[in-house]
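Now for the letters of each chain:
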2 protein chains.
Amino acid sequence: MKDMTIAEYIERLFPQFEPALKTILIENATLRDFQGGDMLMQTGQNMRSTVLVVEGMVKLYREGEDGQEFFMYYLQPGNACALSMICATKQETSQVMAKAIEQTKVLMIPIALMDKLMRDYRTWYYFVIETYRMRFEELLFVIDNIAFKAMDERLAFYLKKQAGDLNTKELHLTHSEIASDLNTSREVISRLLKKMEQAGEIKMYRNYIEYLA
Amino acid sequence: MKDMTIAEYIERLFPQFEPALKTILIENATLRDFQGGDMLMQTGQNMRSTVLVVEGMVKLYREGEDGQEFFMYYLQPGNACALSMICATKQETSQVMAKAIEQTKVLMIPIALMDKLMRDYRTWYYFVIETYRMRFEELLFVIDNIAFKAMDERLAFYLKKQAGDLNTKELHLTHSEIASDLNTSREVISRLLKKMEQAGEIKMYRNYIEYLA
DNA sequence: TAATGAGTGTGACAAAAGTCACCAACATTG
DNA sequence: CAATGTTGGTGACTTTTGTCACACTCATTA
């Protein structure tokens, strides 16, 4: 999956796009590289492009006053940043933070192109609509969790989602990171994790957690 | 504002739409009436139309397991239901509840029309995009509040928003209703309201609260 | 007018979550 | 190897929130 061309990424991740759309994207998109930890978007920043992730993983989060990184969702290869589409169109500023959590490559589509793409290419239009829908749904899940669930349930849901999204049972997360993602304190996470371990749901190791089914 | 025709509502609330778009909406939209308390949308329900509010007020909320109505935002005349646009397009089911909180009229646009409108009418396209953006932002505010703020701040924010949205300082809300909207208990709300009254931020009366700037 | 129900006030207590202090294990690096 | 920083464990305590029980005031209506 290393060092593919823009054309190869598009062919692989967006096979449903009609040929003319692929061509116009290939001609106008630029490929950009990020290292783990690099910021793609920051609150208040102006957006000049629509972002399509083609490699790696991007964490979308809401920043708290003391630097907490309240986790919303991940963007994976084939996903677009819904906010970059919305804000780009109206030249609004971003309301969230986006950070690469590993080596990541994205396609940047100039905002000037959005109107034309939406009007002329139905597969693009459907892709945008579907992107909105999925992200809206994710936000609703987030709201459900913080509004209705206690911390132990939220933690269980969080770990399950991490295991699913990152596609591994070995979750390389420190207790502090989890606490930041859920906006609570490390001690609370440590205690709840111990309970989960006693209940046989996870096994704890230094620097990572094994998620048991 | 009573008993206007579809054409009059469109002219008044959506003056930015181009004439041809207005015509096609007038020909295809149907007007529907709701009484206060009527449901417009329920979780799991299939969506067959895009909804534009032209009169009254619609409350969007997430339903809790015990019937709580966790408040998200209001739709006012001129607003569209973002979810009815998204879900309509893909024939997905609704994830939220929408309830008229007073006499309300809405325009129903058949979903079959959405593709054409998006492609052919730029003012419609911008309207849809702007609708998404605003609702996305509202959800982010909701998340900020429950994720980062304690109940007293959330209550203060809630009252401020109600006063603003409903455009009145006389908030006709019972403590129970507020508790349901914020997913907490009545006693907590009563106690916090008392504190706010002592701090001179509100005045409490039976069945309503006066919001002091 | 007695009865009823909705709305609200309040004290006592329980549970959940947050804070503080400190310790121990381990890894890295000078 | 000593020093340092990160990670995690834990007890004690506080604060916030939720729960329970009950009382009081109104408004409505049988």
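Refer to the structure above for everything that follows.
Definitions and cut-offs
Residues numbered from 1 in each chain as written. Chains lettered and ligands numbered in written order. Predicted model: local features only at pLDDT ≥ 70, side-chain atom pairs only at ≥ 80, totals over all residues. Heavy atoms only, no water. Near = heavy atom within 4 Å. Polar contact = N/O pair within 3.5 Å; in protein donor to acceptor, adjacent residues only side chain to side chain. Helix = DSSP H or I, 4+ residues; strand = E, 2+ residues; numbered from the N terminus. Nonpolar A, V, L, I, M, F, W, Y, C, P; charged D, E, K, R; others polar. Expected span 1.5 Å × (residues − 1). Buried < 20%, exposed > 50% of the residue type's maximum accessible area, 1.4 Å probe, protein only. Least-squares fit on C-alpha atoms with pLDDT ≥ 70 in both. Contact = heavy atoms within 4.5 Å.

Draft legend 1. Highlighting the protein's contact with DNA strand C. In the vicinity of DNA strand C there are 18 residues, among which Met151, Thr184 and Arg191 of chain A together with His175 and Lys194 of chain B approach most closely. In DNA strand C, atoms within 4 Å of the protein come from the sugar-phosphate backbone in 48% of cases. With respect to DNA strand C, the backbone of His175 of chain B contributes an N or O atom lying 2.7 Å from a phosphate oxygen. If you list the elements that add at least two residues to the surface near DNA strand C, you get helix H8 (186-198) of chain A together with helix H8 (186-198) of chain B. No other element matches H8 of chain B, which puts five residues into the surface near DNA strand C. In terms of residue class, the surface near DNA strand C is made up of four nonpolar, six polar and eight charged.

Draft legend 2. Summary view of helix H6 (residues 151-165) of chain A. All names here are of chain A. Given a rise of 1.5 Å per residue, 15 residues ought to cover 21 Å, and the 20 Å separating the end C-alpha atoms of H6 matches this to within 8%. Those residues of H6 not exposed but buried are Arg154, Leu155, Tyr158, Leu159, Lys161, Gln162, Ala163 and Asp165. Positive backbone phi, at 55°, marks Asn167, one or two positions downstream of H6.

Draft legend 3. Region of interest: the relation of the copies chain B and chain A. Taken as rigid bodies, chain B and chain A are interconverted by a rotation of 180° and an axial shift of 0.0 Å, the fit giving an RMSD of 0.0 Å. Between the two chains, the operation in question is that of a two-fold axis. Considering only C-alpha atoms, the residue of chain B closest to the rotation axis is Arg119 of chain B, which sits at 2.3 Å. Most of the interface of chain B is mirrored in chain A: 100% of its interface residues are interface residues there too.

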